[in-house]
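Tertiary structure, described
Below, each chain spelled out in residue letters.
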Amino acid sequence: MYTPDPDRYADMPYRRTGRSGLKLPALSLGLWHNFGPDRPAETQRAILRRAFDLGVTHFDLANNYGPPPGAAESALGDALKADFTHHRDELIVSTKAGYLMWPGPYGEWGSRKYLLSSLDQSLGRLGLDYVDIFYSHRPDPETPLEETMGALHSAVQQGKALYVGVSNYSAEQTREAARILAELGTPLLIHQPRYSMLDRSPEDEGLLDTLDELRVGSIAYSPLEQGLLTGRYLDGIPEDSRAASDSPFLSADTVTEELVGRLRTLNEIAASRGQSLAQLALAWVLRGGRVTSALIGASSPRQLEDSVAAIGNLEFGEDELARIDEVVKQ
């Protein structure tokens, strides 16, 4: 029987999410990859247990995470029942709906029909009465935003979600979503954008400024840029890597000699700070407290531990930040 580490809250920083009363760990565990029937169930449970022992209290999902779609929610549901029955109130569980989940006109995007049906299915797979955060996973160009936000509001009113968020929305779309939700009486809690040292679009397109102004939290996904900002690609493309596979998220064409050279320089900066490249990348996203939390994935407890060790050094000097910018933007 799993017994959590009694010191699990000793080291992890917890950051207030926007203007809400909810705090998230600086690092949250994303179940986008590595949670499905192609991975040993015991390994998945070991990752979740180790995360909780290290103070990672937030597990993030979406309806279509797997493969196959729904598998990650089912895997977490099994783990929650086996290991966390008595610790539900210590956990933040989030899920999303927006991408293709089932065939036909009601299986994706942002209609009320799809979002609320999907949430019911997610709760069934998770074995939960509610999720802590329910997201619109992407904006729907053909459905009025009032309908999509109204569905999120209904999820809260029905007691099936405590908070709501959006992901992959532009600054302008986020501002309008926040306005609509505020009028309904359900504040926008959080935005989940893609953000890393190599992808500065939330900065460049004004999203972070908008979130600051609205006092909405943020949680960055892909802070390690699908594995590029780890030590795996310092000597090119490993045979067993994501870039060497048929992954739609990272192609071999992306890993150029020029990029590998920049990664090596970033690795040298990391070493000068006593960090791995992955730890540097996570610390950079979390610098200054502007981002509430960064999502990490893990294929093993050891990989998880390496990522969590990033919290040991989240401070940067101006010269370090300038050097990183020089390397990345050259």
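Here goes a summary of the coordinates provided. Predicted model only: the values in this text are computed from it and were never measured.

1. Examining the overall build of the chain
Within the chain one finds 11 helices and 10 strands. For a compact globule of 330 residues, the expected C-alpha radius of gyration is about 20 Å, and the chain comes in at 19 Å, within 12% of that figure. Projected onto its principal axes, the C-alpha positions of the chain cover 50 × 50 × 40 Å. In the chain, buried positions account for 55% of the 330 residues. Positive and negative side-chain charges of the chain, numbering 32 and 47 respectively, have mean locations separated by a distance of 4 Å.

2. Considerations on the side chain of Thr143
Within the secondary structure, Thr143 is located in the loop between strand 6 (131-136) and helix 4 (145-157). Using a relative accessible area of 15% as the deciding quantity, one classes Thr143 as buried. Separated by 2.7 Å, the side chains of Thr143 and Asp140 make a polar contact. The contact partners of Thr143, leaving out residues within four places of it in the chain, are Gly110, Ser111 and Thr148.

3. Considering the sheet that holds strand 6
Overall, parallel pairing links the 8 strands, which are arranged 3-4-5-6-7-8-9-10 in a closed barrel. Between one strand axis and the next, the sheet turns by 30° as a mean value, whatever way the strands run. Of the pairings in the sheet, the one linking strand 4 (residues 58-60) to strand 5 (residues 92-97) comprises 3 bridges and is parallel in character. In the strand pairing of strand 5, Asp60 is matched with Ser94.

4. Considering the packing of helix 5 (residues 171-184) against helix 7 (residues 207-214)
Two quantities define a packed helix pair, namely the angle between the helix axes and the distance between the axes. Following both chains from N to C, one finds helix 5 and helix 7 inclined at 20°, their axes separated by 9 Å at the closest point. Of the possible angle classes, the one that applies to helix 5 and helix 7 is roughly parallel. Read as a crossing pair, helix 5 and helix 7 show a hand that is right-handed. Contacts between helix 5 and helix 7 involve Ala171, Thr174, Arg175 and Ala178 from the former and Leu207, Thr210, Leu211, Glu213 and Leu214 from the latter. Of the residues assigned to the contact of helix 5 with helix 7, the class counts are 5 nonpolar, 2 polar and 2 charged.

Conventions adopted
Residues numbered from 1 in each chain as written. Predicted model: local features only at pLDDT ≥ 70, side-chain atom pairs only at ≥ 80, totals over all residues. Heavy atoms only, no water. Helix = DSSP H or I, 4+ residues; strand = E, 2+ residues; numbered from the N terminus. Rg over C-alpha atoms; globule rule 2.2 N^0.38 Å. Buried < 20%, exposed > 50% of the residue type's maximum accessible area, 1.4 Å probe, protein only. Lys, Arg positive; Asp, Glu negative; His and termini not counted. Charge placed at Lys NZ, Arg CZ, Asp CG, Glu CD. Polar contact = N/O pair within 3.5 Å; in protein donor to acceptor, adjacent residues only side chain to side chain. Contact = heavy atoms within 4.5 Å. Pairing = 2+ DSSP bridges. Axes fitted to C-alpha atoms, helices over the stretch in contact; angles between N-to-C directions. Parallel < 35°, antiparallel > 145°, perpendicular 65-115°, else oblique. Left-handed = near helix turned anticlockwise from the far one by under 90°. Nonpolar A, V, L, I, M, F, W, Y, C, P; charged D, E, K, R; others polar.

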